Amino acid sequence: MASTRSSLFLLLSTLTLLHQPPLSAANLHQTTSLFRSQPNFGPTSLLLISAADDDTPPTTFFEVTKPIPLPNTKPCSHLLLHHDFAFTYGQPPVLADYKPPSHCPSHKFSTIVLEWTAACKGRQFDRIFGVWLGGVEILRSCTAEPRAAGIVWTVKKDITRYSSLLATNQTLAVYLGNVVDSTYTGVYHVNLTFHFYPAEEEIGFGYGELDSGFGFGSGSGSGADLILPISRNPPLNNGYWFEIENSTDVESKEFEIPQNTYRAVLEVYVSFHENDEFWFGNFPNEYIAANNLSGYAGNGPFREVVVSLDDLVIGAVWPFTVIYTGGVNPLLWRPITGIGSFDLPSYDIEITPLLGEILDGKNHKLSFGVTNAINVWYVDANLHLWLDKKSEKTQGRLLEYIHSPILLSTLSNFTGFDGLFVTNVTRSIILSGFVNSSRGVVKTKSRQGFEYSNTMVLGNDGNLQILNQVINFNGSVDTKMPPSSSSVRSDKSIKRFSIYLHSDNIEKGNGSYDSVANVTLGIDEKRSKISDSGILYTTRLRNLQNAEGSMLVKGNLVVSGLGSTQQEYRYTGDKSCYFRNVSSSNYTILHDDESGICGHRGLWPSFPRRSYLGSTLNGENKMLI
C-alpha cells in the first residue's frame, strides 16, 4: 500500500495543473492556465521519488482499438530501430536505413504491421512524435507519461496501404523531441519493428504487382502504386511536418505527378499543440478583451485545416479532439489512454476529379492553412497515386467545382467571467471530373459535408467550464465505370466526433482547492460501399470513453488525486466484429470484457449523453447506432 501511494504522489508531482481548458505538455511549450497559477512541484515532490519500491513492476499502458486482421501465416519481422530518446528536442530526427526484407520465403504479403514498443521510468511529460519513410508519414503518436516504477506500451498499426513505398530502399526517420534534466528524468527506450505477413494463398500482392483496378477501399489489393511526401525536406532539427503558427500562416510544397496517373488520394496528418492544444475550449476574443485577460488562448473554439491545390480550396479536415496522455488530468489516462492518442488518425481527401488540372507534366502546389489557428499545428500529407501500367499518358478534366465557404454563426452572452457561448459552422466541397485511361473514361464525384456545433458555459467566476462539441462529417465518392456510364459505385462515410468536458476549481479553505474534471469522448462512424447490384459491405464503429478525476491542491502543491476511465468499443462488419468494455481507476483495471463474436451485447456505459444526442446534417439524422 505504501508503494502504491508513493507512486501516486510521484505521478502527481509531474502534473502541470490546468484550469479551463486543462493543459498538458505534448510539446515543450506550456500555456498559462486560466485564472490560476501553476502548482510548484518542489523538493517535497522530489523526495517521493526514492519512496517507490524497486520491485514494483512497470505499468502497461494501452489504447483501446480493434485488433488488426492477420492471415494465418508466420510473419517475417524486421527490427528497424532501437534507440533511447533522451535529450532530443531541437535535434535532427533519428535515421535508419530501410531495405525490403530479403529473408522472407515469400514476397507476396497480404498485411504489413508497424509495431512501436517503448519503455520509460522516472518523470517526464508526454511528447508528440512521428515516423516517416522516405518523407512519407506512416505514424503520428504521443508518448505515455511514466511513473517511478516504469511504464511500457505498444502501438500496432496496419501500414499495408504503404506497400509500394515498402517495396524499395528508403530512409526511416523518427522525431521525438524529449528533454532530460535533473527534474525530467524519463528516457524513452524504443524498438520499431515491421512485420510482413505472407498471404495464405498466392493471392496477395507482390512488390510491383499492386492492384490495378478501381479499388476505392483500403488494405490488401488497393494500395497506391506511388506515394509522394507532402512534407518538409531534410535536413531538419524537428519533425518533417509543417508548423502552422497562426490563422494567416500557409505552408506549401510543390510536386509533380506521373502523366499516367488515374486516381489520387491525399492523406492528411494533423495534430495541435501549445496554445491550440485545447482549441475546442478556447475563448472568444471579445471575452478575453472585455475581461482584460492576457496570456490566454483565444480565437474561439472552431478550427479547420484547409487544403488547397494551386491556391484553389479542394478539401478540409475538421479533426477529432485527441487528448494527449497528459491532458486535462493525467490520472485519467493511466493505463487506458485517450482515443487516438497512441495512433492519431489521418484524413483522406479524394482528389481524382482534379487530375485533369495536374496531368500536364508541370510542378503544382499543395498548401495547408488552419482557420483561426494560434500556435501551433503540425500538418503534413501523403499523396497516394494509382498508375495506368498500360498507358504512358492519361487525360482528365474537372467538370464541376462547388466550394461553399464556411457559414459561421456565434452567440456570446456573458457578464464578467461567467457566460454562454455558442458556435455553429457548416461547409461543403464538391468535386467532379473524369479520367480517360486504358480502362476507358471513368467519372468521379467526391463530396465533403461538414457540420459543427460548440456550446460553452463559464461559471463560478470563471472557474467552471462546461463545453459540448459535435462535428458531423458526411463524405462520399461516386464512380461511373465503363463500359456503361450507368454503372456506378459509391463509397460513403458518415462520422461524428464528440466531446463533452466539465471542469471546475472548488475552494476548500486553508489555501486549498479541488480541481475536478469529467471528459467524454466519442467517435461514431459508418462506412459503406454500394454498387448497382446492392450493398457490397458496411462497417460501423462506436467508440465511447468517459473519464473523471480530481486533484487536491494546497499551497501550490498537488496533495492527492484520483482518476478513473471507462470505455466501450464496438465494431461490426460483414466479415468480423469486435467488442471491448474496459474500466480502470488509478492504474488498476477494474473490468475488462472483450469479444470477437458478432452480436455480443455487453453493457453500455452510463456516459453523459449530451454529446451523443442525434443531430442532423443536410436533413439526415446522424444517430448511427
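Described in the following lines is the structure provided in the data block. Predicted model, so just to flag it, every value in this text is computed and none were measured.

**Focus on the state of the cysteines**
Then, in step 1: Per the stated rule, a full pass over the model turns up two disulfides.
Then, in step 2: Cys76 shares a disulfide with Cys104; S-S distance 2.5 Å. Of this pair, Cys76 sits in strand β2 (residues 76-85) while Cys104 sits in the loop between β3 (94-98) and β4 (108-120), and the two are 28 residues apart along the sequence.
Then, in step 3: Assessed through its relative accessible area of 7%, Cys104 is described here as buried.
Then, in step 4: In this model Cys577 forms its disulfide with Cys598; the gap between the sulfur atoms is 1.9 Å.

**Side note on the sheet that holds β3**
Then, in step 1: The strand order β3-β8-β5-β6 describes an open sheet built from four strands, whose pairing is antiparallel. In this open sheet, the two edge strands, each paired with only one partner strand, are β3 and β6 (136-142). On average, adjacent strands in this sheet sit at an angle of 15° to one another, irrespective of strand direction.

**Considering a nonpolar patch on the surface**
Then, in step 1: On the surface, Leu411, Leu420 and Val457 cluster together into a nonpolar patch covering about 200 Å² of accessible area.
Then, in step 2: Its location among the elements puts Leu411 in strand β20 (residues 395-415).

**Looking at the nonpolar core**
Then, in step 1: Core analysis: the biggest nonpolar cluster contains 137 residues, and Trp116, Trp153, Phe194, Trp377 and Leu383 have the highest contact counts within it.
Then, in step 2: Tallying contributions element by element places strand β19 (residues 374-387) first for this core, with nine residues.
Then, in step 3: The contact partners of Trp153, leaving out residues within four places of it in the chain, are Phe61, Trp116, Thr117, Ala118, Thr143, Ala144, Tyr188 and Phe342.

What counts, and where the lines are drawn
Positions within a chain are numbered from 1, following the residues in the order the chain's sequence is written. Only residues with pLDDT of 70 or above have their local features reported here, since the model is predicted, and side-chain atom pairs are shown and tallied only from 80 upward, although totals for entire chains, interfaces and linings are computed over all residues. Water and hydrogen atoms were dropped before computing side-chain values, which therefore reflect all heavy atoms in the structure. In this description, a disulfide is simply a cysteine sulfur pair whose atoms lie within 2.5 Å. The numbering of helices and of strands both runs from the N terminus, where a helix is a DSSP run of H or I of at least 4 residues and a strand a run of E of at least 2. Each residue gets one of three labels from its accessible area relative to the maximum for its type: buried under 20%, exposed over 50%, partly exposed in between, using a 1.4 Å probe on protein chains only. Think of it this way: DSSP has to see at least two bridges between two strands before they count as a pair. Axis geometry follows a simple rule: fit a line to the C-alpha atoms, using only the stretch in contact for helices, then measure angles between N-to-C directions, giving values from 0 to 180 degrees. Patch construction takes residues with relative accessible area above 30% that form no salt bridge. Like charges are linked within 9 Å, and nonpolar side chains (Val, Leu, Ile, Met, Phe, Trp, Tyr) are linked within 5 Å. Shrake-Rupley sampling with a 1.4 Å probe provides the accessible areas, and residues are treated as covered by the protein chains on show and by no other component. Whenever Lys or Arg places a side-chain nitrogen within 4 Å of a carboxyl oxygen from Asp or Glu, that contact is recorded as a salt bridge. Nonpolar cores were defined as sets of buried Ala, Val, Leu, Ile, Met, Phe, Trp, Tyr and Cys residues, with membership established by side-chain atoms within 4.5 Å. Any pair of residues with heavy atoms lying within 4.5 Å of one another is described as a contacting pair.

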